[in-house]
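An overview of the molecular structure
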Amino acid sequence: MMGPELCSVHTHSTFCDGKGTLEEMAAAAFAAGVRYFGASGHSHTPAPGDQDCVLPEDPGEYRREVLRLREVYQGRMEVLLGIEQDSCSLQPVPNWAEYWIGSVHELFDRATGVYHSIDWDREKMERCRREMFGGDGLAMVRGYYADVAAM
């Protein structure tokens, strides 16, 4: 039976906003006894603030590295190819993903074309509340959870 101590499926590497390479992370996971390691890079979004925090528009290199690591750990640790699919991504969940995690990191204001970070820091969240929701915190929470439900 697979227990939580044997899994790590929400991970971010230097392909998006993580601090370690996929190779470093897989090695650390294996050394810690993880038997199911999933790479879940942030899906590409057009949000200007996401530039260095998401996978490139063409995630081919990311996919190749995960599949290479699958070969390296074959028979010793399962390496899974996943993605953290953001609500602002233009594409649907890619068909190459073996699993996906849904996320809402930004709210898109259709009226102004502006992306508002909702989970970065208080200042950005307050800006979102002011500019997108006219200061109405409850409306902002409803907008956020509407996007979560859509994911």
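Cut-offs used in this document
- One numbering rule holds for all chains: residues counted from 1, following each sequence as written.
- Two thresholds apply to this predicted model, a pLDDT of at least 70 for residue-level local features and 80 or more for giving and counting side-chain atom pairs, whereas whole-chain, interface and lining totals are computed over all residues.
- Heavy atoms from the whole structure form the basis of all side-chain values; hydrogens and water molecules are not counted.
- We treat two strands as partners when DSSP finds at least two bridges between them.
- Helix and strand definitions follow DSSP, with helices as H or I runs of at least four residues and strands as E runs of at least two, each counted in order from the N terminus.
- Note on definitions: a residue-residue contact is assigned when non-hydrogen atoms from the two residues lie within 4.5 Å.
- Note on method: axes are straight lines fitted to C-alpha atoms, helices fitted across the in-contact stretch only, with angles between N-to-C directions ranging 0 to 180 degrees.
- Working rule for angles: under 35 degrees goes down as roughly parallel, over 145 as roughly antiparallel, 65 to 115 as roughly perpendicular, anything else as oblique.
- Left-handed describes a crossing whose near helix is turned anticlockwise from the far helix through less than a right angle; right-handed describes the clockwise counterpart.
- In this count, Pro and Cys sit with the nonpolar residues alongside Ala, Val, Leu, Ile, Met, Phe, Trp and Tyr, while Asp, Glu, Lys and Arg are called charged and the others, Gly among them, polar.
- Summary of the burial criterion: residues with accessible area below 20% of their type's maximum are buried, those above 50% are exposed, and those between are partly exposed, where the area comes from a 1.4 Å probe applied to protein chains only.
- Starting at the helix axis, one direction is taken to each C-beta atom, and the arc is that of these directions.
- Only buried residues count toward a nonpolar core. Its members are Ala, Val, Leu, Ile, Met, Phe, Trp, Tyr and Cys residues joined through side-chain atoms within 4.5 Å.
- Expected span of a helix: the number of residues minus one, times 1.5 Å.
- Between 30 and 60 degrees the pair is tilted, below 30 it is stacked and above 60 it is edge-to-face, where a pair is any two Phe, Tyr or Trp rings, Trp via its six-membered ring, whose centres lie within 6.5 Å.

**A short note on the pairing of strand S6 (residues 114-117)**
Direction of pairing for strand S5 (residues 106-109) relative to S6: antiparallel, over a ladder of 4 bridges. Following the sheet pairing, Leu-107 is matched in S6 by His-116. Where S5 folds back on S6, the antiparallel hairpin that results is connected by 4 residues, among which Gly-113 adopts a positive phi of roughly 75°.

**Thoughts on the sheet that holds strand S4 (residues 99-103)**
Read across the open sheet, the 4 strands follow the order S1-S2-S3-S4; overall the sheet is parallel. With partners counted over all chains shown, the strands left at the sheet margins are strand S1 (7-8) and S4, one partner each. In the sheet, S1 pairs with strand S2 (residues 36-42) via 2 bridges, with the strands oriented parallel. Considered in S2, the bridge of Ser-8 is made with Phe-37. Sitting on the sheet, helix H2 (residues 60-72) is in contact with S2 and strand S3 (78-86), with an inclination near 155° to S3.

**So, the packing of helix H1 (residues 22-31) against H2**
Helix packing geometry: the angle between the two helix axes and the distance between the axes. The interhelical angle for the contact between H1 and H2, taken along N-to-C directions, is 30°, at an axis separation of 10 Å. The pairing of H1 with H2 is recorded here as roughly parallel in orientation. As for the relative orientation of H1 and H2, their crossing is right-handed in sense. Every residue of H2 that contacts H1 at Leu-22, Glu-23 and Ala-26 is listed here: Tyr-62, Glu-65, Val-66, Arg-68 and Leu-69. Here the contact of H1 with H2 is built from residues that sort into 5 nonpolar, no polar and 3 charged.

**Some points on H1**
Buried residues of H1: Leu-22, Met-25, Ala-26 and Ala-29, and no others. The buried residues of H1 occupy an angular sector of 100° when projected down its axis, which confines them to one face. Contacts from the buried residues of H1 go to S2 and H2. Of the residues trailing H1, Gly-33 is marked for its positive phi of about 95°.

**With respect to the nonpolar core**
Note that soluble globular proteins tend to have their nonpolar side chains buried in a common cluster. Leu-22, Phe-37, Tyr-62, Val-66, Met-77 and Val-79 are the most contacted members of the largest nonpolar core, which totals 19 residues. Looking at this core, the elements with two or more residues in it are H1, S2, H2 and S3. In terms of residues, this core owes the most to one element, H1, which gives 4 residues. The next biggest cluster of nonpolar side chains, apart from the first, holds 6 residues, and it includes Val-104, Ile-118, Cys-128 and Met-140.

**With respect to H2**
Its 13 residues give H2 an end-to-end C-alpha distance of 18 Å, which sits within 8% of 18 Å, the value for a rise of 1.5 Å per residue. For H2, every residue scored as buried is listed here: Gly-60, Tyr-62, Glu-65, Val-66 and Leu-69. Where the residues of H2 are buried, they touch H1, S2 and S3.

**Digging into the packing of aromatic side chains**
Counting across every chain of the model gives 5 aromatic pairs. Relative to Trp-96, the ring of Tyr-62 has its centre 6.3 Å away and its plane inclined at 65°; by these criteria the two rings are edge-to-face. Taken as a pair, Tyr-62 in helix H2 and Trp-96 in the loop between S3 and S4 lie far apart in primary sequence, 34 residues in all. Summarising the burial analysis for this pair, Tyr-62 and Trp-96 share the class buried.

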